[in-house]
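Remarks on the overall topology
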Amino acid sequence: MTACWLWAEKGLIRWWTPNATGLLNSDHPHPNGMPGDWAGLRNGLMRNALRHALQPELVEILESALIRETSLRLKLAGDLPAVWQHYPFEWLRFQGSPLQGRLFVERYAPLQSPDGCSFDGRRIAILNLWPDQEKVQPFGGLGLLPDVDVYFGADVAGDFMAGNDLTRISLLVIISHGSESDNGPPFRLGNGATWELPLQYGLPRLVLVVACGNEQGNLIGYGKTLLMRGAQTVIAPIGRLDAESAGRFLHDFLINWLNGIRIDQILLEQQGQAENTHAGWRFCLLGHGLCRLGEPCSAEEWSDARLAETARGHIALGGCPEALLALIERITLHCHQESGTLESAENYLRDPAGLAIPYGHADQELKLLIKLDPLIDRLPVLSARWACPLMGALCEAHNHHRLARYDRLCRERDQFTETPAWAYHYLSKIPYRLGQYTESARNLLAGFQRLDGSCSSAESIRLLGQLLNLLVDLNLGPFGMIVSRHLRTQLNRYTGADSEKLHLNALDRDARLSLRRGDPNNALELFSTKRRKVQNLPDAYRDGQTGTRELAWLLYTASWNNPRSSEGLHYAEQVKQALENPSRLITNMPKGNADPVYLMRALALWCWCANDRDAAEQLVPYARFWRTWLDTDQDPGPIGFAVWFMHLYYRDQCLPPDLPRCEKAEVKLYLGNYFLELAALSALSGHHEKTREYLYRFQAARYDVLEYLEKLSPWLGFENWLAVTQQQMRSESGLLDQRSPVTPGLLLAKGLLPL
Amino acid sequence: MKPGKPSLAQIEADWFRPSDRLISRISNDDPDTPPELRFAVENNPEFKMCIQESYETETEDSGYSPGRAPPEYLLNLADRRHTAQESLKNATLKPGAMVAIDRLIGPSGELSIDLPKTAVVLLDGIEHPSGIWYGWMVGAEAGYATNWDYVLLEEDGHFDPSLAGMAQLWNPVRVYVKSIARIVGEISNDRLQAVRALAAEFLTRPDNCEAYAGPGAAGPRRTLHGYKVVTGKPVRGQSDPRWRYQEIYLAVKSAVGEPAKAAMALKPWWEAIWAGFQNSFTSEEPAMAYAMGETPHESLREGILADRFRVGLDNRIDKVMRVRFTRIGDHRSTIRLLRNGEVSQTMAADDRNKIFLLDDSGRFSLEISDAEGNLLDQLDLTETGED
């Protein structure tokens, strides 16, 4: 049963369904804010259509849900004013029929999830204050039901309340005449005196009031009091009850409750019965509506703790996908209820009280990716709005095979608003990895717009980092320097728990920026510093990092810089060691941004630059793996480069039989939009026409991105966009658009080496 | 308060004359006036005169006539009385409260004992949940204080000084709650402890202070517990006017205690039902007489039912009877309590303990069944009570 929530937010009323949310224009349920003749409605004198009795926006939400589903749950949060709580939603008519039995209304619904909707103790206590002298005695025989005790009279009832541990009672029923008074006690005894429950002893979790109320809902107000004094759920009528009908209602209710049927289902069924108009129809549920006797039967009934624990179990071992889905949906709802946004959604999911997956923890993230991927299409729209970018980012890091799928899903979801700011970092990262820089820049711009001036947050730091990645790839080093300065300033102010990790990421980006600026020595220093820091991290903060990626970059940079240097030899030896067991490495190769492929790239370059036969022989066993890699949807960059470097090494020699053809690597790199890299590699191979073509394509693609980057100027203070870009173009063309030979040293000096 | 003021004759006259209310009832020929009281008044010439005066007073014009300004001490008393009244607006019955008794009302209505003036009692505690308190008589005449009178000082609490001057620890009394007209004072917990300490000394220490005997001004002293109290001196003998004073107040105490005596003589409604249980007990265990901290009414009464259940009476309020069942052994017998023939409460096979609650509004019976549901025994609990 789909839930539609209504709660107060900043003086307005928010409506929320799993697929959409928004704010109502009015704080009154009726379109004209007019009170209606609700007593007439209940007594059958009036027939108000849903369409004419509610705000149009609300009508649309409810009607569309009612057309799709047989029943709908309307949850009115406790912070809604009484005019909402007392509104007779379920008495309105839809398509000519009353909504009773189709629309289940939960009033004063708590925003937080229950600690547990199931009840262990079966005991039911009935306080029967129905006078012995009444001619009609419809409440007899209840004591014959199992686990039911009936306490007769106000004195016994009061003593029962005072002398028992009420938390061990699953259900407390009060049968009485009602005072029908807005003021004073709600019950009237046989001697005419009024009575009320003594509340100083606490209350059981579920209380059912079987007494006449007034048409203004005095018992709804009393039910609210009971909720405030310890009850979790209260069922109380609005208006008068027919005693005979109420007796039958109670008898059926108790049997169903004892049989473990959920309370909303019991009421919904009774409210669907035409003969129940003067009993079941009039009962309203206040508080939690998902309780039942015995074990909970579905994930929505679980407490937050149990739901998270089961979802963690599913991530680790499988077996309960519903828990993972329900956890994500619950996080979505909680985030909206808490702040009206989804900004905290990823934090809640990763929190130890959620799935306990720290940022960057590869093993855990990969497990989440594997378990959530088959379920992603089942997520409602609002949940998918943050889960899809997150999954895309996880694919970017751990499984490139699924990257295109999430790129597509994110673009589909992007038609909706309210994407959280942090998701834009991911929404930029996904197309970036696919070489779609325009889309990446567009999402970066949207992210900066969402930040709305807030700085030194993890979100702004991540967006700046992603922008720097983009500028490095686009060979816009001068702007990269500006972004790097912003990033450094913000990092120095930032004190979040992930500060250390963000600092390390910044070192990596600055190193690559140095390479783009033709300063390999600075890059080597930065990579070396980062490697040392990673290796010195306590195990708990390493997230599986060992410094391998940094070693790969060190050898890659050293190879371009000076292949005969002692440090190059030193790094090469270490990389050779790391790659000495091909079968084990290939078997355990991660599907995403894997460290070993960067080691291969670096050693292949070293092999060519240093003319190292040993290195070549060590890489040959990987040739078949490279072929396989290039045939998949993995990022073709590192392996494509490695293949190309090996072809440069074997230029005048007999090629190893399994080494993929250079054209294969070229096509894959082309499809991955590695245009600047292809221009550089083509230049190194002496293919002047291809070099020129690829350079043109790169520069054309960069122009498309500039449209978005220009708009970032208000945040970043970029100036002279065109002049700087043209200067970069001249520099690129000066080296690559010439027929003169290109050497690794020249590429390095101009910052045009493949990165 | 000066020693010997007011005079013994005045005190005696105040307590032993007919009350204004009784005079008024007789003069108005109130048919509900107890005949023995009417007889006593009409056969006493002095009191008969009072009736005559009552007729005349009623026919006189009772116009306001300003007199002389009241003396300073009266104004002071009025101020303290007003302050006490204000402070006691939300006071409740509790140990340390001083209660006024204007009429003697027992469980069945007003007793045929005339109380000519307001008696005051300092409450020490509740003796019975049905409304019997215990405490000490309080006299207004602190000038008659003995070494076993606790002289009330202004700083002890809030109280009406025209009614309360000293707590008579030699004169303990029981009060029935329906006789309590209002609360006229209360002393602090600390002072109540001091009063209790002095009362304990009265009960446990021989009166050996003859050397200081004789009327005279009250003075401070310390109890054995170290509480500072103000008392008078010991009574010298029958010639001491305080001897007679105490006789008067012992007589007043006797009257004030009558309603409580009547209440205690009444058998509560649940005794009959309990007798129904007792008739069925296979063995009756002696009750634990007094547990620490319990007052006598809380003592348990127990017995064994059908050799399977220990049954105990554990009442907390007079209107509800609480019967506690404890399973003996591992059998899975069940007990059902029926009210007017309908099942009310059940001790299920898995219950180790169960408390059944009964009131006096219906007929109760018990059904004991074995694990298979076969009826083992049936008890009609109300039959004995109605006979």
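Here the structure is a predicted model, which is why all the values come from computation and not from measurement.

Rules used in this analysis
Residues numbered from 1 in each chain as written. Chains lettered and ligands numbered in written order. Predicted model: local features only at pLDDT ≥ 70, side-chain atom pairs only at ≥ 80, totals over all residues. Helix = DSSP H or I, 4+ residues; strand = E, 2+ residues; numbered from the N terminus. Buried ≥ 20, exposed ≤ 12 C-beta atoms within 10 Å, placed from the backbone. Contact = placed C-beta atoms within 7 Å. pLDDT = per-residue confidence, 0-100. Nonpolar A, V, L, I, M, F, W, Y, C, P; charged D, E, K, R; others polar. Core = buried A, V, L, I, M, F, W, Y, C linked by C-beta atoms within 7 Å. Arc of directions from axis to C-beta. Axes fitted to C-alpha atoms, helices over the stretch in contact; angles between N-to-C directions. Parallel < 35°, antiparallel > 145°, perpendicular 65-115°, else oblique. Left-handed = near helix turned anticlockwise from the far one by under 90°. Pairing = 2+ DSSP bridges.

Secondary structure assignment for chain B yields 10 helices and 20 strands. By residue count, 32% of the 387 residues in chain B fall in the buried class. Sequence separation of 24 or more characterises 65% of the internal contacts of chain B that already satisfy a separation of 6 or more.

Positionally, B:Phe16 belongs in helix 1 (residues 8–16). For B:Phe16 and B:Leu163, which are 147 residues apart along the polypeptide, the C-alpha to C-alpha distance reads 17 Å.

This part takes up the confidence of the model for chain B. All names here are of chain B. Considering every residue of chain B, the mean pLDDT works out to 84; 84% of them sit at 70 or more. pLDDT under 50 marks residues 286–299. Its contacts with residues more than four places away, or in other chains, come to 13 contacts. The ipTM value of the predicted complex is 0.71, and its pTM value is 0.71.

This brings us to the interface of chain A and chain B. By a widely used convention, the size of an interface equals the accessible area lost when the partners come together. Every contact between the two is made by 14 residues of chain A and, on the other side, 16 residues of chain B. Elements that contribute at least two residues to the side of chain A that touches chain B include exactly strand 10 (148–152) and helix 5 (154–163) of chain A. Looking at the side of chain A that touches chain B, the element that brings in the most residues is helix 5 of chain A, giving 5 residues. When its residues are assigned to classes, the side of chain A that touches chain B shows 6 nonpolar, 4 polar and 4 charged.

Here we come to the environment of A:Leu127. Residue and element names in this part refer to chain A. Of note, Leu127 is situated in strand 9 (residues 124–128). Exposure remark for Leu127: the 25 C-beta atoms within 10 Å place this residue in the buried category. Linking Leu127 and Val150, residues 23 residues apart in sequence, is a C-alpha distance of 6.0 Å. With residues up to four places along the chain from it excluded, the contact list for Leu127 reads Tyr151, Ala157, Phe160, Val173, Ile174 and Ile175.

Our next topic: the nonpolar core. Residues and elements named next belong to chain A. Counting residues in hydrophobic clusters, the biggest one holds 138 residues, and the most contacted among them are Leu555, Leu603 and Cys607. In terms of residue count, helix 25 (residues 595–610) provides more of this core than any other element does, 13 residues in total. The residues touching Leu603, leaving out its near neighbours within four places in the chain, are Leu555, Ala572, Val575, Lys576, Leu579, Ala615 and Leu619. The next biggest cluster of nonpolar side chains, apart from the first, holds 116 residues, and it includes Ala157, Val210, Ala243 and Cys284.

For the rest of this paragraph, the subject is helix 8 (residues 258–265) of chain B. Residues and elements named next belong to chain B. Those residues of helix 8 that fall on the buried side of the exposure criterion are Pro259, Ala260 and Ala263. One face of helix 8 carries all of its buried residues, which in axial projection span an arc of 100°. Looking at the buried residues of helix 8, the elements they touch are strand 2 (105–106), strand 5 (132–139) and strand 8 (166–176).

Residue and element names in this part refer to chain A. Relative to each other, helix 15 (residues 421–433) and helix 17 (residues 458–473) sit at 20°, their axes nearing to 8 Å. Taken together, the axes of helix 15 and helix 17 are roughly parallel relative to one another. In this structure, helix 15 meets helix 17 at a crossing whose hand is left-handed. For the pair helix 15 and helix 17, the contacting residues are Ala421, Trp422, Tyr424, His425, Ser428, Lys429 and Tyr432 in the first and Glu459, Arg462, Leu463, Gln466, Asn469 and Leu470 in the second. Residue classes in the contact of helix 15 with helix 17 are distributed as 6 nonpolar, 4 polar and 3 charged.

Here the focus is the sheet that holds strand 18 (residues 353–358) of chain B. Ordered in space as 12-13-14-15-18 (chain B), the 5 strands form an open sheet in which the pairing is antiparallel. The sheet terminates laterally at strand 12 (281–283) and strand 18 of chain B, the two strands that pair on one side only. Direction aside, neighbouring strands of the sheet carry axes that sit 40° apart on average. One ladder, built from 5 bridges, connects strand 14 (residues 309–313) of chain B with strand 15 (residues 321–327) of chain B; its direction is antiparallel. Counterpart to B:Phe309 in the pairing with strand 15 of chain B is B:Arg327. Contacting strand 15 and strand 18 of chain B, helix 5 of chain A crosses the sheet at an angle of about 150° to strand 18 of chain B. This element, helix 9 (residues 270–280) of chain B, spans strand 12, strand 13 (301–305), strand 14, strand 15 and strand 18 of chain B of the sheet and lies at about 40° to strand 13 of chain B.

All names here are of chain A. With a phi close to 55°, Glu180 is a non-glycine residue in the positive phi region. Structurally, the position occupied by Glu180 is in the loop between strand 12 (177–178) and strand 13 (187–188). The partly exposed category is assigned to Glu180, around which 17 C-beta atoms lie within 10 Å. Positioned with a positive phi, Asn673 is a non-glycine residue whose angle comes to about 60°. Positionally, Asn673 belongs in the loop between helix 29 (662–671) and helix 30 (675–685).

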